[in-house]
Structures are given as structure tokens and as C-alpha cells.
Amino acid sequence: CQTGEVAADPQLYDQSYLSPVTIGNSELMLDFDTGSADLWCFSTESPAAQSAGHGLYNPSTGTELDGAFWDITYGDQSAASGNVFADKVVVGGVTATKQAVEAATSVSYEFTEDVASDGLLGLAFSSINTILPQPQTTFFDTVRNSLAKAVFTVDLKKGAAGSYTFGYIDSSKYSGAITYVPVNTANGFWQFTADGYSAGGSDSSTGRGGVAIADTGTSLLYLPASVAKAYYSGIQGATFDFRQGGYTIPCSATPPDFNVAIGGKTFTVPGSYINYAPLRAGSSTCFGGIQADTGIGFSIFGDVFLKAVYAVFDDSGSSPRLGFAAQ
Ligand SMILES: CC1CCN(C(=N)N)CC1
Ligand SMILES: CC1CCN(C(=N)N)CC1
């Protein structure tokens with residue numbers, strides 16, 4: 001019965017969190033992403049101009065999956081593609097002896113420029129794995145039956161190292177009870193329903209809840225436009241800046257706390273988490289940590305929310321569920 005824990009190291013402004021993963025005989029830093037289902041990494045097959053500065057997977061230790069290829073495009077239009085090898089993958093001591101490792105033969109500039117990240121480790125449902133002609137399983141699905149308990153947990157922090165665990169829930173990492181809600185896997189995401197939202201001390205909900213996904217691979221918290229609008233209406237100097245692509249606030253602002261009701265429990269995102277980052281170094285205008293989910297089709301509970309809670313991604317029962325606790 002395997003269990004393991006690995007650090008989640010924040011990048012600048014907590015834009016993403018990276019964790020060490022051993023693949024074959026390389027240790028790479030991967031972005032664990034509960035919003036996608038491909039484990040891909042820069043490799044010795046990637047063009048040098050695209051992979052300069054990155055850790056590389058050398059597929060010589062793996063067994064090629066003949067005829068298999070992958071091609072993924074993310075919400076921000078970044079993309080990567082390549083071929084597939086079965087190889088050993090170890091995360092915090094949990095070992096998958098024959099994990100589908102997607103070696104990149106092409107990556108877009110967003111990944112080339114993000115030199116701290118050597119790829120992604122998808123933790124959404126394997127139904128959205130992009131390998132063709134036969135989709136393969138995520139790391140969690142590959143090891144699931146060997147884990148002490150078929151769960152993984154997410155404990156991200158603001159500006160500090162957090163952790164992911166596989167196979168167990170760590171009661172020292174949260175306070176109070178864990179509130180569980182059912183997950184709808186139809187879209188391949190950890191999708192749930194939030195009951196309602198409110199800002200500051202007020203309990204006047206700024207809007208009915210709605211469908212949302214828990215997504216470690218997204219930096220911010222994307223909510224219904226009416227909820228985002230109501231939230232920023234309470235902040236002096238806040239504005240929707242279409243050129244910047246969203247709500248901005250004065251970096252000197254102290255945004256109100258933001259409350260989310262899930263499963264009958266209220267979880268609070270400290271207002272300081274919503275004063276996200278200067279538009280560019282030295283700017284006195286900051287980008288808001290809450291943005292509108294317009295055009296996405298559901299809300300995205302990304303890192304701005306997840307770093308305020310302890311989250312349990314539980315596939316140990318008859319159907320998957322999400323657990324949240326205050327941290
Ligand atoms: C719905 C979208 C959310 C962001 N994505 C992701 N974390 N991989 C892409 C899918
Ligand atoms: C979910 C992924 C979206 C694309 N990414 C990026 N541009 N660096 C990585 C995370």
C-alpha cells in the first residue's frame with residue numbers, strides 16, 4: 001500500500017506550483033494540474049531552441065508506445081505535442097512502474113519561456129487524456145489501486161511551499177471537519193457545485209452558486225461575471241480593464257475577504273490573496289485574483305482559492321468526490 005508526499009513550490013506570485021518527479025533516471029520539476037490529464041515533459045527529442053534551460057526526459061530508459069502520439073492545447077492557447085514512452089515515474093515515493101510518459105517534440109513559447117517548469121503532471125480524469133489512438137491513464141489512475149486509499153490531497157500556500165499527498169489524508173494539515181461534495185466527471189474535470197458567494201463580513205450572497213472545477217493548474221479564481229462585478233464594486237479604484245484582460249485594483253487596496261459556500265460550509269479567501277500581482281514589475285496597479293468566468297462555461301477554483309483550503313480529491317468510493325477543509 002503506497003503513500004507519498006511531495007512539495008508544491010510556488011513560482012513568482014504563486015502563478016504556478018512545481019513539484020519534483022523522477023521519470024526514468026531524471027528528476028524534473030512538473031506543474032501538477034487537476035485541470036488536465038496528460039503527463040508530459042520536455043525531452044531530449046525537443047528542439048534545442050524550445051528546450052533551452054529546461055530539465056529533459058531521456059526516453060532511452062523507456063519503452064516506446066508504437067504509433068502513439070499526443071497533442072494538447074490549454075486555455076491560454078499554449079500547446080505541446082510529441083510521442084509516448086512507458087517508463088518508471090516516482091512522486092514522493094509513490095512509484096508507477098509503467099506510466100505513460102508523453103515526451104515533447106514540440107512546445108509553444110509559453111512553455112519555453114517558463115524555464116522553471118519541465119512539464120505537467122495531469123490529475124484530471126483519464127477520459128480527457130490526449131494520447132491517440134488509445135488514451136492512457138494519469139499517474140493517479142495508474143497507481144490508484146496500489147495506494148493505501150485512492151485519494152490525493154492538495155495543500156497549496158500563498159508564497160510558501162505547500163504539498164501534495166497520494167494515498168492518505170493528513171489531519172495535521174487542516175482544522176475542523178472536511179466537507180465533501182459530489183463530483184460530476186462528464187467533462188473529465190473535478191467538477192462540483194458551489195452554493196453561493198459573499199464578500200467581506202456580509203452574509204448577503206453576491207449571487208447564487210454554480211458549476212465549478214477545482215483546478216491546481218489555473219492561478220486565479222474565475223467566477224460568474226455578476227459575482228466578480230459585485231465583488232469589485234466594493235473596492236475603491238477597481239476597474240475592468242479590457243486591455244489587461246480583466247479586473248485591476250490599486251496595489252495599495254485591501255480587498256475584502258471572499259466567502260464561498262460549498263456543501264453547506266463557508267470557506268474564506270483572505271482579501272490579500274485577491275490583490276494578486278502588479279501588472280508589471282513596479283506598477284502600482286495590480287491584477288485581481290478574482291476574474292469573470294465569461295466564455296468558459298463554468299467557474300474555475302484555481303490556486304487563489306485552493307491556497308485558502310485543504311482539498312481532498314477522493315476516488316476511493318463508488319463515485320468521485322471533493323473534500324474541502326479550512327487550513
Ligand atoms: C477548463 C480549462 C481549465 C484550465 N485548464 C487546465 N488547468 N489545464 C484547461 C481546461
Ligand atoms: C494549465 C496550464 C496552462 C498553460 N501553462 C502555461 N502557459 N505555462 C501551464 C499550466
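Since the structure is predicted, the reported quantities are computational estimates derived from the model, not experimental observations.

Q: An account of the overall build of the protein is requested, with residue identities and associated values reported.
A: For the protein, the helix and strand inventory stands at six helices and 24 strands. Computed over C-alpha atoms, the radius of gyration of the protein comes to 20 Å, within 12% of the 20 Å expected from 2.2 N^0.38 for 327 residues, which places it in the range of a compact globule. Overall size of the protein, expressed as C-alpha extent along the three principal axes, is 55 × 45 × 35 Å. Put simply, the protein has 327 residues, and 54% of those count as buried. Of the contacts made within the protein by residues no fewer than 6 positions apart, 66% connect residues no fewer than 24 positions apart. Working note: accessible area of the protein is about 13100 Å², and carbon and sulfur atoms make up 50% of it. Across the protein, the centroid of the 14 positively charged side chains sits 9 Å from that of the 30 negatively charged ones.

Q: How would you sum up the site of ligand 2? Please name residues and give values.
A: Every residue close to ligand 2 is listed here: Asp31, Asp33, Tyr74, Asp76, Ser78, Glu110, Phe111 and Gly217. With respect to ligand 2, the side chain of aspartate 76 contributes an N or O atom lying 2.6 Å from a nitrogen atom. When ligand 2 sits alone it has 300 Å² of accessible area, and the protein chains cover 82% of it. Taken atom by atom, the bulk of ligand 2 overlaps the largest pocket.

Q: Residues and numbers for empty space enclosed by the protein, please.
A: Under the criterion given, the structure shown has one cavity of 30 Å³ or more. Leu123, Ala124, Phe125, Thr138, Phe140, Asp141, Trp190 and Asp315 are the residues that line the largest cavity. Considering only residue class, the lining of the largest cavity consists of five nonpolar, one polar and two charged.

Q: Break down the side chain of aspartate 315 for me, with residues and values.
A: Among the secondary structure elements, aspartate 315 is positioned in the loop between β23 (309-314) and β24 (321-326). In this structure, aspartate 315 is in contact with Phe125, Phe140, Asp141, Arg144, Ala150, Trp190 and Pro320, ignoring residues within four places of it in sequence.

Q: How would you explain the site of ligand 1 if you had to name every residue and give the values?
A: Contacts to ligand 1 come from Asp33, Gly35, Ser36, Tyr74, Phe189, Asp215, Thr218, Phe298 and Ile300. Contact between ligand 1 and aspartate 33: a nitrogen atom at 2.8 Å from a side-chain N or O atom of the residue. Separating a nitrogen atom of ligand 1 from a backbone N or O atom of glycine 35 is a distance of 3.2 Å. Protein chains bury 80% of the 290 Å² of accessible surface belonging to ligand 1 in isolation. Of the pockets mapped on this structure, ligand 1 occupies the largest pocket.

Q: Before we move on, could you go through the side chain of threonine 34 and cite the residues and values that matter?
A: Secondary-structure assignment places threonine 34 in the loop between β3 (26-33) and β4 (39-41). Under the relative-accessibility criterion, threonine 34 is labelled buried at 0%. Here alanine 214 takes part through its backbone oxygen, which lies 2.8 Å from a polar atom of the side chain of threonine 34. Not counting chain neighbours up to four residues away, the residues in contact with threonine 34 comprise Leu123, Ala124, Phe152, Trp190, Ala214, Asp215, Thr216, Gly217 and Phe313.

Q: I'd like a rundown of the packing of aromatic side chains, residues and numbers included.
A: Tallied over the full model, the rule gives 27 aromatic pairs. Here tyrosine 57 and phenylalanine 85 contribute two aromatic rings whose centre-to-centre distance is 6.3 Å and whose plane-to-plane angle is 65°, an arrangement assigned as edge-to-face. Residue tyrosine 57 is found in the loop between α1 (48-51) and β5 (63-73), and its partner phenylalanine 85 is found in strand β6 (residues 79-91); the two are separated by 28 residues along the sequence. Judged by relative accessible area, which is 0%, tyrosine 57 ranks as buried. An aromatic cluster of three or more residues is present, and its members are Phe192, Tyr197, Tyr231, Tyr232, Phe240, Tyr247, Phe258, Phe267, Phe301, Phe305 and Phe324. Positioned above the aromatic ring of tyrosine 273, the side-chain terminus of lysine 307 is 5.9 Å from the ring centre. In this structure, arginine 321 packs its charged tip against the face of tyrosine 180, placed 3.5 Å from the ring centre.

About the cut-offs
- Residues numbered from 1 in each chain as written.
- Chains lettered and ligands numbered in written order.
- Predicted model: local features only at pLDDT ≥ 70, side-chain atom pairs only at ≥ 80, totals over all residues.
- Heavy atoms only, no water.
- Helix = DSSP H or I, 4+ residues; strand = E, 2+ residues; numbered from the N terminus.
- Rg over C-alpha atoms; globule rule 2.2 N^0.38 Å.
- Buried < 20%, exposed > 50% of the residue type's maximum accessible area, 1.4 Å probe, protein only.
- Contact = heavy atoms within 4.5 Å.
- Areas by Shrake-Rupley, 256 points an atom, 1.4 Å probe, with all protein chains shown as cover.
- Lys, Arg positive; Asp, Glu negative; His and termini not counted.
- Charge placed at Lys NZ, Arg CZ, Asp CG, Glu CD.
- Near = heavy atom within 4 Å.
- Polar contact = N/O pair within 3.5 Å; in protein donor to acceptor, adjacent residues only side chain to side chain.
- 1 Å grid on protein atoms, 1.4 Å probe; cavity = no way out; pocket = protein on both sides within 12 Å on 5 of 7 lines; lining within 4 Å.
- Sits in = over half its atoms within 2 Å of the grid points.
- Points joined across faces, edges and corners; volume = space filled by probe spheres on them.
- Nonpolar A, V, L, I, M, F, W, Y, C, P; charged D, E, K, R; others polar.
- Phe/Tyr/Trp six-rings, centres within 6.5 Å; stacked < 30°, edge-to-face > 60°.
- Lys NZ or Arg CZ within 6 Å of the ring centre and 35° of its normal.

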